[in-house]
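# Overview (structure and organization)
Residues per chain are reported as follows:
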Number of protein chains: 2
Amino acid sequence: MNVPAPRVTINDVAARAGVSKGAVSMAFNNRPGVSAATRERIFEVARQLGWTPHQTARSLAGRRVGIVGLAICRPARLLGLEPFYMEFISGIEDVLAGRSCSLLLRLVRDLDEEIALYEEWWRSRTIGGAILVDFHREDPRIAPLRALGLPAVAVGHPSLTGGFPSVWTDDATAASDAVRYLAALGHRRIARVGGPSGLGHSGIRAAAFEATMSELGLDGRRQVSTGFVGEEGARATRSLLLGPERPTAIVYDNDIMAVAGAAVAAEMGLAVPDDVSLLAWDDSQLCRITHPPLSAMSHDVHHFGEEVARALFGVIAGTHKGALQVPTPALTPRGSTGPPRRT
Amino acid sequence: MNVPAPRVTINDVAARAGVSKGAVSMAFNNRPGVSAATRERIFEVARQLGWTPHQTARSLAGRRVGIVGLAICRPARLLGLEPFYMEFISGIEDVLAGRSCSLLLRLVRDLDEEIALYEEWWRSRTIGGAILVDFHREDPRIAPLRALGLPAVAVGHPSLTGGFPSVWTDDATAASDAVRYLAALGHRRIARVGGPSGLGHSGIRAAAFEATMSELGLDGRRQVSTGFVGEEGARATRSLLLGPERPTAIVYDNDIMAVAGAAVAAEMGLAVPDDVSLLAWDDSQLCRITHPPLSAMSHDVHHFGEEVARALFGVIAGTHKGALQVPTPALTPRGSTGPPRRT
């Protein structure tokens, strides 16, 4: 659907949606006067027709394309501890620096604050585009930010990102691959220590984990939600390993929780991988500097960030519209996974 | 050379550079009409004379104090792996978010690029102030950025930061405390795995390490410089532990190298702390999720970032001028340090 539609006007949108031109304008300027349902219909029609407000007049004239915005809705203290985000940002920065662009970074407390921030950044012509992350199901940012006409790339599965051009990685296949690998080693009791259940990509992994376990005739309900923090990963591991039917393998949603899990196993006198296999996710430097080194679902997070930044320049230039898939995390076996001990 | 030169005017700059007042004005407002060579000459003369444009009239009027600049001169891929920087940035963000300000982040390849970037950001009124980090001895950024009149906070010991208001932590005392603690446990062969030797704070720690060792009658030359990366920490640890007079204790310049060092000890079949004591630096979450948990020179890096951001607002408001010292990293003994095994 990359055909440009230069002749589509606001009149076409109004006619197809069965409303006045004024209503279309109000909807896109986020003004009161149209109901939520009508606004949604107008957006949907505009999407179908490929129309955005003031397409050329508004364009990017007078804006600093030199600055790209990124709001992150996580507590500041957590941000410093999550290897994923920092590698991701470093990848974005690599592409930006090559084009003499800079990243405007703001931590926000909730999604309403994030929406208001993007409105301010865009209307004040501070940013030339934005990178939207951490999509939730039915994400409340989609309607107002699309209405704003903000050029943005959404990081997440297209089912979550509501029509924004997106960059995504296949978490479902990766989660399924992780389960199949551990099952092939002989594990029957496999657990998962996941991220926050409200986050779209954690939800996708959780569903794929359960579906694959069930397909293999195994019980896929051994899943714990955490906030991605090492200490929570340690707590979840301890509670899994102390339970009545101890898992013989655990998949983690990031690296730091897997490192914490390995320390819990050592503290409990359990051998890795003989007593318990541990599989990390993301595969930052951390996985290679532990003993034993951690097996991981590995992807190049730095490269992911680079692709996102490149896609944003494509959106701003009008050349990137759909969904771009980056490589699926691939199993990288190291010393922390093996067949379960026979009992 | 801290004498202000209030009577220098645009006429002096124009005369010395051999151009018209209009040309000076055009150069400083980044307008076309002067060649790149002439613009450079004008900036150079202004720097020599200590002149900045419209010093008071311009002040902060019309600037976005809402945006604060931070250029970091490290490879992007390293940034994602260094817990210090990310916790530091998260502290800055916490204070900025409370004042509806955002951080403009750019990775640069060298200090010349950093200087040019700050000139552009300041002249284009993009930023209201800047945070300068990673000071070197005789740092080349000091003269041009002071000439620019950029409100900035320098993160580093006042002996390094050339008259910029600074925020610093007492690395010398902390390094000395680390040595005294290990010596008090009975260690005689103590090694240090440090950061890049060109960095001011690494140099301060190296000198304090050697001086304290010598004061205690010990050999302080077992020091290795690295780029702060886990894999280099592992390599340095391996080479120290394979040497003829193996150290019984190692101090690291950050956490991730200490985690890597612990894995090397495990890989070589050495017990921590019986065969070798390991002492980390910074004390991020990593130190508490390993087994045994790592003893560390501990400080609140997030709080350090907060103090830096607050100091910058003080500089912009004209209330912060001198050097602000944040708490010295304090010894936090955990399971990775103990008396050496008797041999």
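Owing to the predicted nature of the structure, the values given are computational and were not obtained by experimental measurement.

## Notes on the overall build of chain A
- The helix and strand inventory of chain A stands at 13 helices and 12 strands.
- Taken over the C-alpha trace, chain A has a radius of gyration of 23 Å; the compact-globule value for 343 residues is 20 Å, and the two agree within 12%.
- On the principal axes, the C-alpha backbone points of chain A span a range of 75 × 40 × 35 Å.
- Burial analysis of chain A (343 residues in total) assigns 57% to the buried set.
- Pairs at least 24 apart in sequence give 72% of the contacts found in chain A among residues at least 6 apart.
- On chain A, roughly 13500 Å² of surface is accessible, and the fraction owed to carbon and sulfur atoms is 53%.

## Quick look at helix α2 (residues 21-28) of chain B
- Every buried residue belonging to α2(B) is among B:A23, B:V24, B:A27 and B:F28, and all of these are buried. Buried residues of α2(B) fall within an arc of 130° about the axis and therefore sit on the same side.

## Observations concerning the sheet that holds strand β2 (residues 102-107) of chain B
- Taken in spatial order, the 12 strands of this open sheet run β11(A)-β5(A)-β4(A)-β3(A)-β1(A)-β2(A)-β2(B)-β1(B)-β3(B)-β4(B)-β5(B)-β11(B), and their pairing is mixed. Looking at strand neighbours, the two that pair on one side only are β11 (323-325) of chain A together with β11 (323-325) of chain B, the edges of this open sheet. On average, each strand axis in the sheet is tilted by 25° relative to the strand beside it, whichever way the strands run.
- Across three bridges, strand β1 (residues 67-72) of chain B lies against strand β3 (residues 129-132) of chain B in parallel orientation. By the bridge assignment, B:L70 is partnered in β3(B) with B:I131.
- In the packing of helix α13 (residues 301-317) of chain B onto the sheet, contacts are made with β1, β3, β4 (152-155), β5 (166-168) and β11 of chain B, and the angle to β4(B) comes to roughly 150°.

## Some points on the nonpolar core
- Of all hydrophobic cores here, the largest spans 60 residues; its most connected members are A:L70, A:F88, A:I131, B:L70, B:F88 and B:I131.
- If we ignore the near neighbours within four places in the chain, the residues touching A:L70 are A:I89, A:I92, A:L103, A:L104, A:L105, A:R106, A:Y118, A:W121, A:I131 and A:V133.
- With 52 residues, the next largest nonpolar core counts A:L278, A:A280, B:L240 and B:L278 among its residues.

## Here we look at the packing of helix α1 (residues 10-17) of chain A against helix α2 (residues 21-28) of chain A
All names here are of chain A.
- Close contact between α1 and α2 brings their axes to 8 Å; oriented N to C, the two are set at 100°. When the axes of α1 and α2 are compared, the pair comes out roughly perpendicular. Along the contact surface, α1 presents I10, N11, V13 and A14, while α2 presents K21, V24 and S25.
- A class-by-class count of the residues in the contact of α1 with α2 yields four nonpolar, two polar and one charged.

## So, the interface of chain A and chain B
- With 43 residues of chain A in contact, the opposing surface of chain B contributes 43 residues.
- Roughly 3900 Å² of surface becomes buried between chain A and chain B when both sides are summed, with 58% attributable to carbon and sulfur atoms.
- Viewed at the interface, chain B and chain A are joined by two salt bridges.
- Its salt-bridge partner being A:E231, residue B:R288 comes within 3.4 Å of it at the nearest N-O pair.
- One can count 14 residue pairs in polar contact (both at pLDDT 80 or more) joining chain A with chain B.
- For the side of chain A that touches chain B, the secondary structure elements donating two or more residues are α5 (76-79), α6 (83-98), β2 (102-107), α11 (230-242) and α12 (255-267) of chain A.
- Per element, the largest residue contribution to the side of chain A that touches chain B is eight residues, and it comes from α6(A).

## Points about the pairing of β1(B)
Residue and element names in this part refer to chain B.
- Here β1 lies mainly inside the structure; six of its six residues are buried.
- Residues I67, G69 and A71 point to one face of β1 and V68, L70 and I72 to the other, with burial holding for every one of them.
- Bridge count for β1 against β2 is six bridges, and the pairing is parallel. Bridging from a neighbouring strand, A71 pairs with R106 of β2.

## Re the confidence of the model for chain A
Residue and element names in this part refer to chain A.
- For chain A, the average pLDDT comes to 88, and 90% of its residues sit at 70 or higher.
- When the criterion is pLDDT under 50, residues 1-5 qualifies, and its contacts beyond four places in sequence or with other chains add up to two contacts.
- Across residues 55-64, where pLDDT falls below 50, the model places 24 contacts with residues more than four positions away in sequence or in other chains.
- The complex model carries a pTM of 0.80, and its ipTM stands at 0.77.

## Quick notes on the sheet that holds strand β6 (residues 190-194) of chain A
Residues and elements named next belong to chain A.
- Strand order across the open sheet formed by six strands is β7-β6-β8-β9-β10-β12, with mixed pairing between neighbours. Sheet topology places β7 (223-225) and β12 (330-332) at the edges, where each strand pairs with a single neighbour. Taken pair by pair, the neighbouring strands of this sheet meet at an average axis angle of 20°, ignoring direction.
- Here strand β10 (residues 295-298) pairs with β12 via three bridges, running antiparallel. When the sheet's bridge partners are listed, A296 is paired in β12 with T332.
- Sheet strands in contact with α11 are β6, β7 and β8 (249-252), and its direction is about 160° off that of β8.

Rules behind the numbers
- Residues numbered from 1 in each chain as written.
- Chains lettered and ligands numbered in written order.
- Predicted model: local features only at pLDDT ≥ 70, side-chain atom pairs only at ≥ 80, totals over all residues.
- Heavy atoms only, no water.
- Helix = DSSP H or I, 4+ residues; strand = E, 2+ residues; numbered from the N terminus.
- Rg over C-alpha atoms; globule rule 2.2 N^0.38 Å.
- Buried < 20%, exposed > 50% of the residue type's maximum accessible area, 1.4 Å probe, protein only.
- Contact = heavy atoms within 4.5 Å.
- Areas by Shrake-Rupley, 256 points an atom, 1.4 Å probe, with all protein chains shown as cover.
- Arc of directions from axis to C-beta.
- Pairing = 2+ DSSP bridges.
- Axes fitted to C-alpha atoms, helices over the stretch in contact; angles between N-to-C directions.
- Core = buried A, V, L, I, M, F, W, Y, C linked by side-chain atoms within 4.5 Å.
- Parallel < 35°, antiparallel > 145°, perpendicular 65-115°, else oblique.
- Nonpolar A, V, L, I, M, F, W, Y, C, P; charged D, E, K, R; others polar.
- Buried area = accessible area lost by both parts, 1.4 Å probe.
- Salt bridge = Lys/Arg side-chain N within 4 Å of Asp/Glu carboxyl O.
- Polar contact = N/O pair within 3.5 Å; in protein donor to acceptor, adjacent residues only side chain to side chain.
- pLDDT = per-residue confidence, 0-100.

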